[in-house]
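Remarks on the overall topology
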Amino acid sequence: MRELGNADSSVKQAENTIDLGLYFKILKKRKWSIMLFTFVFFSLGVLYLSKATPIYQASVKIQADPVQPNANAQDAFLMNSMIFLFYETQYEIIQSRKVAESVVDKLGLVERFKKEQAELKESGESGGVLSSTKKIIKEFLSSDKPKEDVTTDLTDEKIKIMLAQEIQAGLVVEGGTQSQIINISYQHEDPKLAADIVNAVSEAYIEFGLEARLSQIKDTADWLSEQLDDLRVTLQESEDKLRDFRLSQNLMDTEQQQRIANTQLQTLNTELVRAQTEYSEAQGLYSQIIQLEKQGGSYRSLGPVLQSNTIRDLSREEATLSRKVKELSERYGEKHPKMIAARSDLLSAMSNLDREAAKIVENIKEEYRSARNQIDNIKDLLERNKLELQSYQSESFELTRLEREVENNRRIYESFLSKLMEADVSGEYDASNIRVIDEATNPELPVWPRFSIILLACMILGIGSGVGYALLTELLGSVFRTPDQLEQEVGLASLGITPVVAKARNSIAPELQYIADQRSTFSEAINTIRTGLLFSDIENPPKTILITSSSSGEGKTTLAINLATALSQMDSTLLLELDLRKPAIAKDLNITKRIGISDLIEGSSSELEFSTISEVPNLKVLTCGKIPNNPMEIISSKEFSSLLEKFKAKFKYIVIDSPPTLPVSDSCILAKKVDATLVAVKAEHTKIQMVKETISRLNKVNAKITGVVLTQASPQKMAYYGEHYYQDGYYGVDKS
C-alpha cells in the first residue's frame, strides 16, 4: 500500500510539474504567428516614428529654502515642523494659473499666437508653434462656427487663459523631498520656446514669492499701525488713572513704599537685637552689684570698676599714701603732725576711691535701666510699623491693580511697536528664499520620440502578443491535437491516426491511398489501426466494425474505405455504406451501380449486387443506393437485421460507414448491432466536448466502443508535442 501511495504521489507531482519543453514546442509551432505579430508591431512603430513630431525638453534647477532670510527663531522652528507641507505648496504655486499667465505676459505669447494665426490664414496652412494650444482653442469654440472664424471671436484674455492652461498642462515639477532642489521641466516641439517658457516660469515663481511676502508684510504693518494708535490711547488712560489715584491718596508707588517699609523693619530688628545684647550685659553687672550690696561687699571687685583708669590711678595713690603712713607710723608715731597729715591724705584718697567706685556702679545701674527702656521702645516701634504696613497694604490694592494695568499696557504697546519696526525693516528687504541654480538652455536632442526605445518596445510588445496569442490559442483551444490527448480526454484507447494528405494537382485522394500504395506511410497508419482493432479482443476479434464521428467532415468515410481495404488483405471484407442521408462511398470509389442496400430493404430490388474494385479482389462494396425518405426505419427494420446476419455469414469482416452521431441517431442504433465501434476525430478541428457527447450517447445504448482514431493529423505538427509522433519514413519504404 505504501508503494501504491508513493506511486500516486509521484504521478500527481508529475502532473503538476510545468513542462517547459512543451511550451517551447508550442512557441516553435506557432513561430510564424509570433513573427507576424512582431513584424506588425515593428511596422507600426516605424510608421509612428515617421509621423511623430520631435519633442524637446528644457529644465531649470532652483533652490527653495523653507526658512526665509528674515525669519526669527520661532518662525524657523514652526517652518521646520511643517517642512513636509512646504514643498507640496511650492509645487502647486509653480503649476498655478497665475504663474502661467505671468509667463504668457513675459514672453508675449498672445501677440505671438495672433501673429502666427494671421500668417497661417494668409498662407492657407494649418498648424503653428503652439499647435496643441490651437487644438484646445478649436475644441473650446462652438462646432457650428466656420473654420475661418476660429480665432476671430477670441479676446486677448481668452487666448491668454488658453495659453496658460497649455503651460500648466506641460509643466513637470519634481524634487524637494531629500534636498532643497526643485527641478522644473517643460516639453515642446520648439526647443527655444521650451527653454524660454521654463526660465520664465522660474522668474515668475520667484517674483510671486516676493510679491506675496511683501504684500503680507504691508498688510501686517498697516494692521499694527492701527492697533498701535489704540494701544497708545489705552496706555495713556491707564497712566492718568494711576497718577490721579496717587495724588488723591497721597501714596507713592507700591514698590517704593514696600522698599521703605522693609528697610524700616530691618533696621528696627537690628536695633532690637543690639539693645537686647546690651541689656543682657548690663543685667549681668547689675545682678553682681545687687549681690554685693546684699553681702555688704566692696564695689572695687567689680570688673567695670577694676577696668576704670581713674580707679586705677586712685588705687595707686591710695597704696602710695598707705606706705607713707606706715613709714611715718614707724618713724614718728600716731600723733606726729606729719603722721596726722599723711593719715588725713590717706583717708581723703580712700574717700575719693569709694566715691569714684560708687559713681561707676551708679552708671552701670543707669545703663541697665536705659537698656531695658530702649528694648521696650524698639518693640513699640516695631509693633507700630507692622500696624502701619498692614494698613498701607490694605489701602494699596487698588494702587497695585492700577500699576499692573499700566505695566501690561506698556508691554503690549512696546511689543506692537517692536513688531511694527521689524515690519518696516522687512518691507525694505527684497531678498528671496528662492535661487536659480541652473538656468534652462536650448535642448539639442529631442526627448521624444526615442527611436531605440520605441522600436525595442514595439518588438517586445509584438513578441509578447505573439507568444500570448500562441499560448492562448494552444492551451485554451478545445480541440484534439495528439492521440495521447485524445486518449486522456475521452478515456478510450487511441488506435492510431490517419495522416493528412496534401492536396496537389496530381495527388491521390485520401480515400484511395491504401488502394494506390499499400507501402505508403498512410497505408502503414491504416495497418496500425487494423492491428489495434483486431488485437482489442484477441480471443474474439470483431467482425462487424462501425465507423462514426461527431459531425460531418471528420474523415470517417476515408477511414472506413481504407480500413476495409486493409482488412481485405487478410480475408473477405464487405464495405457497407449505411450513411443513408449523405452517402459518399460510391462517389469516392467511382461506383456507378445505383442499386444499394436501401433498395433491397424497401423491396424496390430483389437482386443483391456487390460492387468490386479491381485492385482489391477480396473487397466487396454495397452502397446506399437510392437515398430513402426514412433512414431510421430502414436501419431499425427486421429486414436489415436479417440482411446483416447474412452478410456476417458470407464475409469475414464487415466495415460499416455510418452517419455522424450528434446530428442524427442512426449510429446509435447501428452500434448496438455491431461488434466494434470506432469514432473518427478530426485533428485540430473537432471540439473536445463534442467527442465526449458522442461517447456519452454511444455508451447510453451500451455500444461497444473499441477505440478512437485521430484523422487528418499532421505528423509534423504533432512532433511539437513529442518527437515520437513524427517519423521521416517507415522501415522498408523507399522515400523516392
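Just so it is clear, the model here is predicted, and its values are computed rather than measured. Along each chain, the written sequence defines residue order, and numbers are assigned to residues from 1. Predicted model: local features are reported for residues with pLDDT of at least 70 only, side-chain atom pairs are reported and counted for 80 or more only, and whole-chain, interface and lining totals are derived from all residues. Where side-chain values are given, they derive from all heavy atoms of the structure, hydrogens and water being excluded.

What about the overall build of the protein?
As a reminder of what qualifies: The secondary structure listing takes helices from DSSP runs of H or I that are at least 4 residues long and strands from runs of E that are at least 2 residues long, numbered from the N terminus. For the exposure calls, accessible area comes from a 1.4 Å probe over protein chains only, and a residue counts as buried if that area is under 20% of its type's maximum, exposed if over 50%, partly exposed in between.
Along the protein, the regular secondary structure elements total 27 helices and 12 strands. In the protein, which comprises 736 residues, the proportion classed as buried is 38%.

Concerning helix α7 (residues 109-123)
Defined as follows: To estimate how far a helix should reach, multiply one less than its number of residues by 1.5 Å. This arc is taken over the directions from the axis of the helix to the C-beta atoms.
Here α7 spans 21 Å end to end across 15 residues, near enough to the 21 Å set by a 1.5 Å rise per residue. The complete set of buried residues in α7 reads L109, V110, F113, E116, Q117 and L120. For α7, the angular spread of the buried residues around the axis is 130 degrees, confining them to a single face. Turned more than 90 degrees off the buried face of α7, the exposed positions are E111, K115 and E122.

Quick notes on the packing of α7 against helix α9 (residues 156-170)
For any two helices packed against each other, the geometry comes down to the angle between their axes and how far apart the axes lie. What counts here: In this analysis, axes come from line fits to C-alpha atoms, helices being fitted only over the stretch in contact, and the angle between any two N-to-C directions falls in the range 0 to 180 degrees. Comment on the angle field: the value is read as roughly parallel under 35 degrees, roughly antiparallel over 145, roughly perpendicular from 65 to 115, and oblique elsewhere. Any pair of residues with heavy atoms lying within 4.5 Å of one another is described as a contacting pair. Residue classes follow a fixed rule: Ala, Val, Leu, Ile, Met, Phe, Trp, Tyr, Cys and Pro count as nonpolar, while Asp, Glu, Lys and Arg count as charged, and any other residue, Gly among them, counts as polar.
Relative to each other, α7 and α9 sit at 105 degrees, their axes nearing to 9 Å. By the angle between their axes, α7 is roughly perpendicular relative to α9. Residues L109, V110, F113 and K114 of α7 pack against D156, I159, K160, L163 and I167 of α9. When its residues are assigned to classes, the contact of α7 with α9 shows six nonpolar, no polar and three charged.

A few points about the sheet that holds strand β5 (residues 494-499)
Convention followed: At least two bridges found by DSSP between two strands are what make those strands a pair.
Taken in spatial order, the eight strands make up an open sheet running β5-β12-β11-β6-β10-β7-β9-β8, and their pairing is mixed. With partners counted over all chains shown, the strands left at the sheet margins are β5 and β8 (611-613), one partner each. This sheet shows a mean twist of 25 degrees between the axes of neighbouring strands, independent of strand direction. Judged from the five bridges that link them, strand β6 (residues 544-549) and strand β11 (residues 676-682) form a sheet pairing that is parallel. Note that in β11 the partner of I547 across the bridge is L678.

Some words on the packing of aromatic side chains
Let me state the cut-off plainly: We call Phe, Tyr and Trp rings a pair once their centres come within 6.5 Å, taking the six-membered ring for Trp, and we label the pair stacked below 30 degrees between planes, edge-to-face above 60, and tilted otherwise.
The tally for this structure, following the rule as stated, stands at two aromatic pairs. Their ring planes at 65 degrees and their centres at 5.9 Å tell us that F610 and F647 sit as a pair that is edge-to-face. Of this pair, F610 sits in the loop between α22 (597-602) and β8 while F647 sits in helix α24 (residues 638-650), placing them 37 residues apart in sequence. Given the relative accessible area of 2%, F647 is considered buried. Pairing F610 with F651 gives two aromatic rings, centres 5.5 Å apart and planes at 80 degrees, and the pair type is edge-to-face. Taken together, the positions of F610 in the loop between α22 and β8 and F651 in the loop between α24 and β10 (653-657) put the pair 41 residues apart, joining distant regions of the chain. Each of the two residues, F610 as well as F651, counts as buried. An aromatic cluster is defined as three or more aromatic residues linked by ring pairs; in this entry it consists of F610, F647 and F651.

Comments concerning the side chain of T711
The following threshold applies: Think of a polar contact as two N or O atoms within 3.5 Å of one another; within protein, one of them needs to be a possible hydrogen donor and the other a possible acceptor, and neighboring residues in sequence only count if both atoms come from side chains.
Mapped onto the elements of the fold, T711 is located in strand β12 (residues 705-713). A polar atom in the side chain of T711 sits 2.5 Å from the backbone oxygen of E554. Not counting the four nearest positions on each side in its chain, T711 is found in contact with T498, E554, G555, A680, V681, K682 and A683.

Focus: the pattern of salt bridges
Worth spelling out the cut-off: Between Lys or Arg on one side and Asp or Glu on the other, a salt bridge is scored when a side-chain nitrogen of the former is within 4 Å of a carboxyl oxygen of the latter.
Using the criterion set out here, one finds 13 salt bridges in the structure. Residue K106 is joined to E207 by a salt bridge in which the shortest nitrogen-to-oxygen separation is 3.0 Å. Here the residue K106 occupies a position in helix α6 (residues 97-107), and E207 occupies one in helix α10 (residues 191-249), the gap between them amounting to 101 residues. Taking the relative accessible area as the measure of exposure, K106 reaches 37% and is therefore partly exposed. On the basis of relative accessibility, which here comes to 35%, the residue E207 falls in the partly exposed class.

Points about the sheet that holds strand β2 (residues 171-175)
Sheets are built from strands paired through backbone hydrogen bonds, the pairs being either parallel or antiparallel. Read across the sheet, four strands follow the order β2-β3-β1-β4 without closing on themselves; strand pairing throughout is antiparallel. This sheet does not close on itself; its edge strands, each paired only once, are β2 and β4 (434-438). Sheet twist, expressed as the mean angle between neighbouring strand axes with direction ignored, is 30 degrees. Judged from the four bridges that link them, strand β1 (residues 56-64) and β4 form a sheet pairing that is antiparallel. Residue I62 lies in a different strand from β4, and its bridge partner there is V436. Set on the sheet, α9 makes contact with β2 and β3 (181-188); between it and β3 the angle comes to about 120 degrees.

Some points on the confidence of the model for the protein
Put simply, the test is: The quantity known as pLDDT measures the predictor's confidence residue by residue, on a range of 0 to 100.
Taken residue by residue, the protein gives an average pLDDT of 76. The fraction at 70 or more is 72%. Taken together, the stretch residues 1-12 has pLDDT below 50 and engages in zero contacts with residues farther than four places along the chain or on a different chain. In this model residues 126-130 is a low-confidence stretch, pLDDT under 50, and it forms 17 contacts with partners more than four residues away in sequence or in other chains.

Overview of the nonpolar core
Put simply, the rule is: Joining through side-chain atoms within 4.5 Å is the link that ties buried Ala, Val, Leu, Ile, Met, Phe, Trp, Tyr and Cys residues into a set, and such a set is a nonpolar core.
Within the largest apolar cluster, 41 residues are counted, with the highest numbers of intra-cluster contacts made by F480, L576, I597, F647, I654, I656 and L710. Non-local contacts of F480, meaning those with residues more than four positions away in its chain, are made with Q485, L486, E489, V490, V681, A683, E684, T686, K687, I688, V691 and L710. In terms of nonpolar packing, the next biggest core, distinct from the first, is built from 38 residues, A58, A164, V198 and A204 among them.

Focus: unusual backbone geometry
Look at N590: it is not a glycine, yet its phi comes out positive at around 60 degrees. Looking at the secondary structure, you find N590 in the loop between α21 (585-588) and α22. One non-glycine residue, Q712, lies in positive phi territory at about 50 degrees. Assignment of secondary structure puts Q712 in strand β12.

Section: the pairing of β11
The cut-off we apply is this: With strands facing away from the observer, any crossover in which the path from the first strand over the helix to the second runs clockwise is taken as right-handed.
Most of β11 sits out of view: seven of its seven residues are buried. Going residue by residue along β11, you find A676, L678, A680 and K682 tucked away on one face and T677, V679 and V681 tucked away on the opposite face as well. Sheet analysis places β11 next to β12, joined by six bridges and oriented parallel. Paired with A680 across the strands is V709, a residue of β12. Running through helix α26 (residues 688-700), the crossover from β11 to the neighbouring parallel element β12 is right-handed.

What about α26?
The terminal C-alpha atoms of α26 lie 19 Å apart, and with 13 residues this matches the ideal 18 Å at 1.5 Å per residue to within 8%. Turning to α26, its buried residues number three or more, namely I688, V691, T694, I695 and L698. Buried residues of α26, seen end-on, are gathered within an arc of 125 degrees and therefore sit on one face of the element. In α26, the exposed residues that point more than 90 degrees away from the buried face are Q689 and K700. Backbone geometry just after α26 places N702 at a positive phi near 60 degrees.

Focus: a nonpolar patch on the surface
Our working rule: Note on patches: the residues involved have over 30% relative accessible area and no salt bridge, like charges join within 9 Å, and the nonpolar side chains Val, Leu, Ile, Met, Phe, Trp and Tyr join within 5 Å. Accessible surface is estimated by sampling points in the Shrake-Rupley manner with a 1.4 Å probe; for residues, cover comes only from the protein chains shown.
Side chains of L36, F39, V40, L44 and L47 sit close together on the surface and give an oily, nonpolar patch of about 500 Å² of accessible area. Within the secondary structure, L36 is located in helix α3 (residues 31-51). Its relative accessible area of 53% is what places L36 among the exposed residues.

Some points on the environment of G209
Along the chain, G209 turns up in helix α10. G209 gets classed as partly exposed once you look at its relative accessible area, which sits at 31%. Through-space distance from the C-alpha of G209 to that of I93 is 9.1 Å; in sequence the pair is 116 residues apart.

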